[in-house]
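# Descriptive structure summary
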Amino acid sequence: GKTLRGFLVLETARLHGIAVSAAAPAAAAIEAMHAYSLVHDDLPCMDDDDLRRGQPTVHRKWDEATAVLAGDALQTLAFQLLCQTDCAPDRKVVLIHSLATAAGQQGMVGGQMADIAAETATTPLTLDQIIALQAGKTGALIRWSAKVGALMAGAETAPFDLYGENLGLAFQIADDILDVTGDATKAGKRLNKDAQAGKATFVSLLGLDGARLRAAHLIEEACDRLSPYGTDAQALIDCARFVIARES
């Protein structure tokens with residue numbers, strides 16, 4: 001995987017003077033949480049995918065029960081790892097509570113449910129509805145990752161919250177673009193799923209050029225949020241620009 005979320009955790013921690021060793025459990029936690037979501041998302045009752053990262057999906061390589069339990073184990077491992085994060089006890093509680101919120105019905109799971117409901121809706125989603133859906137499904141974990149350093153340090157989270165919000169939305173727009181224009185070999189998964197399912201996406205509503213412009217604007221706005229941190233934030237700025245330049 002791209003380990004984008006874990007990178008955001010470590011880099012925002014570094015920006016706040018927190019050692020890699022102290023933040024590493026939180027970085028591992030978000031990767032475990034994200035991996036669980038992918039294992040479950042690939043199941044026949046969800047997206048029914050055969051490939052993930054160029055390898056057979058868990059339920060294809062083993063079976064559905066193994067995939068369900070593997071996802072369950074990864075989700076609970078995430079909170080176990082957060083308990084090992086090296087920060088003040090009150091900060092640790094904030095990390096645990098905020099990840100639970102980001103991953104649950106107010107975040108990723110809620111967004112996934114809205115996405116499933118949209119597949120059988122009689123009216124396609126509007127742009128505002130897609131933005132709200134993706135803010136949960138894809139954006140919530142990215143947004144959480146981007147503010148971990150500030151949360152651990154007890155520092156101001158607003159710039160990182162806004163950076164993460166824009167980054168998450170741009171990431172999803174890039175995914176929608178790649179679903180239409182990408183190379184399945186590079187992506188390591190099945191493409192053109194959204195069009196086949198008749199889903200409304202950023203591309204179907206904005207067109208390819210419009211989607212690219214929206215993603216570029218979001219990334220520039222995200223980078224502007226970090227301007228007060230100067231060159232210390234360069235890696236986060238480079239990461240944001242990578243999100244919309246990637247090929248997988």
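For the structure, see preceding data.
Quick caveat, the model's predicted, so the values are computed rather than measured. (Residues numbered from 1 in each chain as written. Predicted model: local features only at pLDDT ≥ 70, side-chain atom pairs only at ≥ 80, totals over all residues. Heavy atoms only, no water.)

Once that is clear, we can look at the state of the cysteines. On inspection of all chains with the given rule, the structure shows zero disulfides. The closest cysteine sulfur to the non-disulfide-bonded cysteine 83 is located on cysteine 87, 10 Å from its own sulfur. The class of cysteine 83 is partly exposed, set by a relative accessible area of 44%. (Disulfide = S-S within 2.5 Å. Buried < 20%, exposed > 50% of the residue type's maximum accessible area, 1.4 Å probe, protein only.)

Looking now at the layout of surface pockets. In this model, the second largest pocket occupies a volume close to 300 Å³. Residue lining of the second largest pocket: 20 residues in total, with Ala135, Gly139, Ala140, Arg143 and Asp161 positioned closest to the centre. Examining the composition of the lining of the second largest pocket, we find that five residues originate from one element, helix H10 (residues 158–181), more than from any other. Of the residues assigned to the lining of the second largest pocket, the class counts are seven nonpolar, nine polar and four charged. (1 Å grid on protein atoms, 1.4 Å probe; cavity = no way out; pocket = protein on both sides within 12 Å on 5 of 7 lines; lining within 4 Å. Points joined across faces, edges and corners; volume = space filled by probe spheres on them. Helix = DSSP H or I, 4+ residues; strand = E, 2+ residues; numbered from the N terminus. Nonpolar A, V, L, I, M, F, W, Y, C, P; charged D, E, K, R; others polar.)

As a further point, take the pattern of salt bridges. Scanning the entire structure with this criterion turns up twelve salt bridges. The salt bridge involving arginine 52 is made with aspartate 42; its shortest N-O contact spans 2.8 Å. On the criterion of sequence distance, the pair formed by arginine 52 in strand S1 (residues 51–52) and aspartate 42 in the loop between helix H2 (20–41) and S1 is long-range, its members being ten residues apart. Comparing arginine 52 with aspartate 42 shows no difference in burial state: the two are buried. Among the ionic contacts, a cluster of salt bridges with common partners joins Arg143, Lys147, Asp161 and Glu165. (Salt bridge = Lys/Arg side-chain N within 4 Å of Asp/Glu carboxyl O.)

Before going further, it helps to examine the nonpolar core. Counting residues in hydrophobic clusters, the biggest one holds 32 residues, and the most contacted among them are Leu4, Leu8, Tyr163, Leu167, Ile173 and Leu236. Looking at this core, the elements that each hand over two or more residues are helix H1 (4–15), helix H7 (127–137), helix H8 (139–146), H10, helix H13 (202–225) and helix H14 (234–243). Ignoring sequence-local partners within four residues, the contact set of leucine 236 consists of Leu8, Glu11, Thr12, Leu15, Phe160, Tyr163 and Leu226. (Core = buried A, V, L, I, M, F, W, Y, C linked by side-chain atoms within 4.5 Å. Contact = heavy atoms within 4.5 Å.)

The set of residues buried in H7 consists of Ile130, Leu133, Gln134 and Gly136. On an axial view of H7, the arc spanned by its buried residues comes to 155 degrees, and they lie on one face. Exposed residues pointing more than 90 degrees away from the buried face of H7 are listed as Asp128 and Ala132. Turning to H7, the residues buried within the fold contact helix H6 (108–119), H8, H10 and H13. (Arc of directions from axis to C-beta.)

Mapped onto the elements of the fold, glutamate 31 is located in helix H2. Of the side chains with opposite charge, arginine 53 lies nearest to the buried glutamate 31, which makes no salt bridge, at 5.2 Å. Excluding its chain neighbours within four sequence positions, the residues that come into contact with glutamate 31 are Thr3, Leu4, Arg5 and Gly6. (Lys, Arg positive; Asp, Glu negative; His and termini not counted.)

Everything listed here is a matter of geometry and, on its own, says nothing about what the molecule does.
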